[in-house]
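A look at the structure
Residue-level listing of the chains:
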Amino acid sequence: MWWWRGVVSSLLLAGVALAAPIPSAKKFIPANVLIEASTGQVLRASQADVSRPVGSLPQLMVLLLAIEQEELGTLKLDVPVIVGPAAIREPREAKDGQLLLRADRAYALRELVKAVAVGGSDEAALAICEVIAGSVAMCADQMNARAERLGMTSTHFSSASGAKNTETMSALSNPQDIARLAQALVGHQTLIEWTSLSGAPFDSGTTLLRNPNRLVGSVPGIDGLHAGATRDPLGHPASHHLVATETRGGMRLIAVVLDAPDPISRYAVAKEMLDWGFAGYERVEIVREGERLNMPVQISGGTVDSIQPITAKGWSLIRPRGEERHVELHYQVPSEVVAPLERHQVIGEVVLEDGGEVLAVLPLLSPFNVGVSGILSAAR
């Protein structure tokens, strides 16, 4: 039997009044968006849904595919990689400090991923593509499929590099799609550890990778993600892009800036957006992941008489400073469940509401295995 246990928690969330600062007037505002990372909530945007060439930003999707496959066990970062001709850029001259790989040289995949995360290496990104999918073209198919699953509806990838084929655009996207990609990336601590480095040794220390994101290492709290440019057919930078992320007071913000006219502009706009966001918004944790509820559920025919459900995940409210929110937590759980139960089996849910509007629905789980009475249950 299911029933509403009623409003177990009603929270009046109030803060110190602080008006969000008004963005300074600018003659030229690049396309941009500012989001909170844990929720994806958009705090501010300008031309965020207009698709445009995004230069080397496809590298971020290559990083996501590589680290996700490594976490799934289908790809090992220690595997040696022979750099083939498809990854070699011609002519062989480094522009803007770009790393040039040595043809037919074996590199550990981990080093190639680091070369992209830290140094924004086009050639390393192309080499990773061949490892992931066998060819750059097949990797682009995987990139587009992953983009679709992320909800990047205005994005199309044709390569992993913005500098390999300057006659055609390697990717079209927009700030809100790139922000979704960045949101997926910041959940991987290994990548953040690399993108937060201003420099790192490469190829047994024979080369020093330099992070093109000049905010990293110069602004405390900023730990990524990518700085790049879209180039014209002659290979000259035509517009400048930046994906910057920063954490303050337990809240992470992501700023995406596309089509800035010069490097200084992209940094200035991103920094102003981040400062504006942290000054005007705050994160309030409402439900903690794994929180045990003081709400026993009876077990019929089990090795224990009752269990206390736990929350499957946490949930936070991102609100303007000074805004009051009345958040109510409703718990829908059965009066009794029948054994056996598996650990983390869904047995109910908690509904978060504000003024009748449903903000979130979170599953409630069994905290451990429960066997049938008289039969040995699995260890808790």
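Now for a quick tour of the structure. (Residues numbered from 1 in each chain as written. Predicted model: local features only at pLDDT ≥ 70, side-chain atom pairs only at ≥ 80, totals over all residues. Heavy atoms only, no water.)

**Observations regarding the packing of helix α1 (residues 58-72) against helix α2 (residues 109-119)**
Their axes nearest at 10 Å, the elements α1 and α2 cross at an angle of 140°. For the pair α1 and α2, the crossing hand works out as left-handed. Side by side, α1 and α2 meet where Gln59, Leu63 and Ala66 of the first sit next to Val113, Val116 and Ala117 of the second. For the contact of α1 with α2, a count of residues per class yields five nonpolar, one polar and no charged. (Axes fitted to C-alpha atoms, helices over the stretch in contact; angles between N-to-C directions. Helix = DSSP H or I, 4+ residues; strand = E, 2+ residues; numbered from the N terminus. Left-handed = near helix turned anticlockwise from the far one by under 90°. Contact = heavy atoms within 4.5 Å. Nonpolar A, V, L, I, M, F, W, Y, C, P; charged D, E, K, R; others polar.)

**What to know about the packing of aromatic side chains**
Within this structure, the stated rule accounts for two aromatic pairs. Summarising the aromatic geometry, the rings of Tyr107 and Phe202 are spaced 5.5 Å apart at their centres and angled 25° between planes, so their arrangement reads as stacked. In this pair, Tyr107 is assigned in strand β6 (residues 106-108) and Phe202 in strand β9 (residues 199-202), connecting sequence segments 95 residues apart. Under the relative-accessibility criterion, Phe202 is labelled buried at 2%. In this arrangement the basic side chain of Arg44 is found over the ring face of Trp276, its NZ or CZ atom lying 5.0 Å from the centre. When the ring centre of Tyr107 is taken as reference, the NZ or CZ atom of Arg105 above it lies at 5.3 Å. (Phe/Tyr/Trp six-rings, centres within 6.5 Å; stacked < 30°, edge-to-face > 60°. Buried < 20%, exposed > 50% of the residue type's maximum accessible area, 1.4 Å probe, protein only. Lys NZ or Arg CZ within 6 Å of the ring centre and 35° of its normal.)

**With respect to the pairing of β9**
Burial along β9 is one-sided: the face carrying Ala200 and Phe202 is buried and the face carrying Gly199 and Pro201 is not. With four bridges connecting them, β9 and strand β10 (residues 207-210) associate as antiparallel partners. Within β10, the position partnered with Pro201 by the bridge is Leu208. Two successive antiparallel strands, β9 and β10, enclose a turn made up of four residues, where Asp203 displays a positive phi of approximately 55°. (Pairing = 2+ DSSP bridges.)

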